[in-house]
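Notes for the structure review
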Amino acid sequence: MSQIGGQTKQQALDSLSLMTAGAQPIGLAEYQARIKKAQQLMRQHGIDVLYLNAGTNLSYFTGTAWYASERLVGALLFAERQAEAELLYISPVFEIPTLSGFQVVQGEVLGWQEHENPYQLLLDSVKRICHKADAVLALDDSSAFFIFEGLRQANPQQQILSGKVITQGCRAQKSTAELAIMQRAMDMTLAVHKAVASILYEGISTAEVEAFIDEAHRKVGASGSYFCIVLFGSDSAYPHGVKTPKNLESGDMVLIDTGCRLLGYVSDITRSYVFGVPTERQRHIWAVEKAAQAAAFNAAKLGMACGLVDAAARQVLETHGLGPDYALPGLPHRTGHGIGMDIHEGPYLVRNEHTLLAPGMCFSNEPMICVPGEFGVRLEDHFYMTAAGPRWFTQPSVSIDQPFA
């Protein structure tokens, strides 16, 4: 039976079931282990205290989920366990009762009133707890510039470094528990992909497809789609879509890129296939894309630079007359991105990325081919590094006629 079209939306939804049973959230012991690893890296790099801003990094290290806004909300993590504190939260006073309820790793909350200077409070606390005026402060690399500027104005002499060496140094290598959550999320999205392919019909709009994908993600246990890109025909040559997408016609390339969030971690899978009978041109470009994706996967070796994975994919494309570099027809962007709690996070599979591949690192593998005026093909699956080399979260497409293994 064809994998494309032929089912009603209700039939496709009925084929899906809840997939979250047994999925385990990150526990307190793992948050504590993350903190200890961060402290070890801080000592290695001469950093006394790391500021974790509301958002992904605060959640990753403490389990405390809080949104980033114009108000300073975060936590101070000290390289050495101090008598006063190891972890201090900072929050507006009126938010303390709410913030305390979200804490997984418990800690005292330093409160500031709306008319007070939170940056001065932060710096005074660093000085008090570190017992020195020249303590080295690192900022969570996702912190907004206004936070850096507020600290600089409060004390122009304060040494402030980027905390990326700490945050990425911890987050880049996923634990067994993280990989298990990500695997489940990927499995959920792949099931949704299969379902949506089955409901396509000539004339369907991208909005209708997106609505179905969101509903399907809910059926398998997510809170909906985390994101969704649906493109048909010549629109598929634009990696992130067009302002006014076209409806589906027979012979169109279909590109669907979507994912969901599960227990704080994100899935992200793209499938490309033809609605109808593929032309020889479509078959050829699709096959080159598959070969480039396979070359990138096979090039991923422990201890090699991430950028060399990108080079392997581009070499395949250039052999087939595409590119070179970012020229079109060809691959206009990096081969892949890291993934975890954020859908795009470092390190990246891109030229000049010198980070060495290590166990637990997770990446998208999507060396998209864009042919302006015709179509685009993106095959995107993710892999993670193991002691034995790369391992797929989801099996790549078999062929343009059989996009699902």
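In this structure the tally under the stated criterion is eleven aromatic pairs. Between Phe297 and Phe383 the ring centres are 5.8 Å apart and the planes differ by 90 degrees, which places this aromatic pair in the edge-to-face class. Of this pair, Phe297 sits in helix 10 (residues 280–299) while Phe383 sits in strand 17 (residues 381–386), and the two are 86 residues apart along the sequence. As far as the burial class goes, Phe297 and Phe383 line up, both buried. Ring centres of Phe383 and Trp392 lie 6.3 Å apart, and the angle between their planes is 90 degrees; this geometry places the pair in the edge-to-face category. Taken individually, Phe383 and Trp392 each receive the classification buried, so the pair is uniform in this respect. Each member of the aromatic cluster is reached from another via a ring pair, and the members are Phe297, Phe363, Phe383 and Trp392. Positioned over the ring face of Tyr60 is Arg34, at 4.0 Å from the centre of the ring.

Checked against the element boundaries, Ser143 lands in the loop between strand 5 (137–139) and helix 6 (145–154). A polar contact is formed between the side chain of Ser143 and the backbone oxygen of Asp140, at a distance of 2.8 Å. Among all residues touching Ser143, those that are not within four sequence positions of it are Tyr51 and Asn53.

You can see Gly5 is positioned in the segment before helix 1 (9–14). Classification of Gly5 by relative accessible area gives buried; the value is 11%. Here the alpha-carbon distance between Gly5 and Tyr201, two residues 196 residues apart in the chain, equals 6.1 Å. Residue contacts for Gly5: discarding those within four places in its chain leaves Ala197, Ser198, Ile199 and Leu200.

Here the focus is the pairing of strand 1 (residues 49–53). The element strand 1 is extensively covered by neighbouring structure, given that five of its five residues are classed as buried. Both faces of strand 1 are covered, namely the face carrying Val49, Tyr51 and Asn53 and the face carrying Leu50 and Leu52. Direction of pairing for strand 1 relative to strand 5: parallel, over a ladder of three bridges. In the strand pairing of strand 5, Leu50 is matched with Ala138. Examined bridge by bridge, strand 1 and strand 2 (residues 74–78) share five bridges and lie antiparallel to one another. If you follow Leu52 over to strand 2, its bridge partner there is Ala75.

Mapped onto the secondary structure, Arg314 falls in helix 11 (residues 307–319). Aside from chain neighbours lying at most four places away, what touches Arg314 is Asp325, Tyr326, Leu331, His333, Arg334 and Arg351.

Right, let's talk about the nonpolar core for a bit. Judged by nonpolar contacts, the single largest core of 72 residues is most densely connected at Tyr89, Leu200, Val209, Phe212, Val254, Ile256 and Tyr273. The leading source of residues in this core is helix 8 (residues 176–197), at twelve residues. Dropping the residues within four chain positions of it, Leu200 is found in contact with Ile4, Gly5, Gly6, Val209, Leu248, Val254, Tyr273 and Phe275. By size, the runner-up hydrophobic cluster in this structure holds 38 residues, among which are Ala295, Leu331, Leu357 and Phe375.

This brings us to the sheet that holds strand 5. Spatially, six strands are ordered 4-3-2-1-5-6 in an open sheet, and the strand pairing comes out mixed. Two strands lie at the open edges of the sheet, namely strand 4 (108–112) and strand 6 (160–162), each paired on one side alone. Averaged over all pairs of adjacent strands, the angle between strand axes in this sheet comes to 30 degrees, irrespective of strand direction.

Further remarks concern the sheet that holds strand 11 (residues 269–274). Spatially, three strands are ordered 7-8-11 in an open sheet, and the strand pairing comes out antiparallel. Sheet topology places strand 7 (227–232) and strand 11 at the edges, where each strand pairs with a single neighbour. In this sheet, neighbouring strand axes are inclined to one another by 10 degrees on average, regardless of whether the strands run parallel or antiparallel. Sheet analysis places strand 7 next to strand 8 (residues 253–259), joined by six bridges and oriented antiparallel. Of the residues in strand 8, the one forming a bridge with Cys228 is Thr258. Together, strand 8 and strand 11 form the strand contacts of helix 8, whose direction differs from that of strand 11 by roughly 20 degrees.

With 15 residues, helix 9 (residues 206–220) extends 21 Å from end C-alpha to end C-alpha; this agrees with the ideal 21 Å at 1.5 Å per step. Every buried residue of helix 9 is listed here: Thr206, Val209, Phe212, Ile213, Ala216, His217 and Val220. With its buried residues spanning 140 degrees around the axis, helix 9 presents them on a single face. Turning to helix 9, the residues buried within the fold contact helix 1, helix 8, strand 7 and strand 8. A positive phi of about 120 degrees marks Gly221, the residue just after helix 9.

What counts and what doesn't
Residues numbered from 1 in each chain as written. Predicted model: local features only at pLDDT ≥ 70, side-chain atom pairs only at ≥ 80, totals over all residues. Heavy atoms only, no water. Phe/Tyr/Trp six-rings, centres within 6.5 Å; stacked < 30°, edge-to-face > 60°. Helix = DSSP H or I, 4+ residues; strand = E, 2+ residues; numbered from the N terminus. Buried < 20%, exposed > 50% of the residue type's maximum accessible area, 1.4 Å probe, protein only. Lys NZ or Arg CZ within 6 Å of the ring centre and 35° of its normal. Polar contact = N/O pair within 3.5 Å; in protein donor to acceptor, adjacent residues only side chain to side chain. Contact = heavy atoms within 4.5 Å. Pairing = 2+ DSSP bridges. Core = buried A, V, L, I, M, F, W, Y, C linked by side-chain atoms within 4.5 Å. Axes fitted to C-alpha atoms, helices over the stretch in contact; angles between N-to-C directions. Expected span 1.5 Å × (residues − 1). Arc of directions from axis to C-beta.

So yeah, pure geometry; function would need other evidence.
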